[in-house]
Amino acid sequence: QVQLEESGGGLVQAGDSLRLSCAVSGRTYAMGWFRQAPGKERAFVAAISGSGDTRYADSVRGRFTISRDDTKNTMYLQMSTLKPEDTGVYLCAAGRSFSVARFRYDNWGRGTQVTVSS
């Protein structure tokens, strides 16, 4: 059973940067970040395969960077030029398929809150 724990969220101003971390226990292949804003469905943000291929949502491409360090059992999401619409609970996920679809991910963390003020 893979266990995931996010950290690094907080309250920032528009234009600021923030780095999220996801500590992983257990073997993983594909990993991803999703976010959930109040009253909205959980939405894909970024994904990374076991070989380092990446995918991004259009809304974050060029501003966010996903990475993983398997020697530290940690995945990261570097977020730059944050906007108020980036606000939400950010959840990390692990699965067997490199995908943008949340149903492809079997294991989820509890999430970390990111709030971007204007």
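Residues numbered from 1 in each chain as written. Predicted model: local features only at pLDDT ≥ 70, side-chain atom pairs only at ≥ 80, totals over all residues. Heavy atoms only, no water.

(A) Summary view of the pattern of salt bridges. Enumeration according to the criterion identifies 6 salt bridges in this entry. In this structure, R35 and D86 form a salt bridge, with 2.9 Å as the shortest nitrogen-oxygen distance. Of this pair, R35 sits in strand β4 (residues 30–36) while D86 is found in the loop between β8 (74–79) and β9 (88–95), placing the two residues 51 residues apart along the sequence. Considered together, R35 and D86 belong to a single accessibility category, that of buried residues. Here R68 makes a salt bridge to D70, at a shortest N to O gap of 3.1 Å. Taking the relative accessible area as the measure of exposure, R68 reaches 17% and is therefore buried. Three or more residues are tied together by salt bridges with common partners; here these are R35, R63 and D86. (Salt bridge = Lys/Arg side-chain N within 4 Å of Asp/Glu carboxyl O. Helix = DSSP H or I, 4+ residues; strand = E, 2+ residues; numbered from the N terminus. Buried < 20%, exposed > 50% of the residue type's maximum accessible area, 1.4 Å probe, protein only.)

(B) Just the side chain of S99, in detail. Take S99: it is sitting in the loop between β9 and β10 (105–108). In terms of polar contacts, S99 uses its side chain to reach the backbone amide nitrogen of A101, at 2.9 Å. Apart from the residues within four sequence positions on either side, S99 is in contact with F44, A47, R55, R104 and Y105. (Polar contact = N/O pair within 3.5 Å; in protein donor to acceptor, adjacent residues only side chain to side chain. Contact = heavy atoms within 4.5 Å.)

(C) Inspection of unusual backbone geometry at higher detail. In the Ramachandran plot, N73 falls in the positive-phi region, its phi being about 55° despite a non-glycine side chain. Along the chain, the position of N73 falls in the loop between β7 (64–69) and β8. Given the relative accessible area of 43%, N73 is considered partly exposed. Despite not being glycine, T81 has its phi angle at roughly 45°, a positive value. Considering the arrangement of structural elements, one finds T81 in the loop between β8 and β9.

(D) Inspection of the packing of aromatic side chains at higher detail. Under the criterion given, the structure shown has 4 aromatic pairs. A cation over an aromatic ring shows up here: R42 above the ring of W108, its NZ or CZ 4.7 Å from the ring centre. Across the ring face of F98, the terminal group of R55 is positioned such that the distance to the ring centre comes to 4.6 Å. (Phe/Tyr/Trp six-rings, centres within 6.5 Å; stacked < 30°, edge-to-face > 60°. Lys NZ or Arg CZ within 6 Å of the ring centre and 35° of its normal.)

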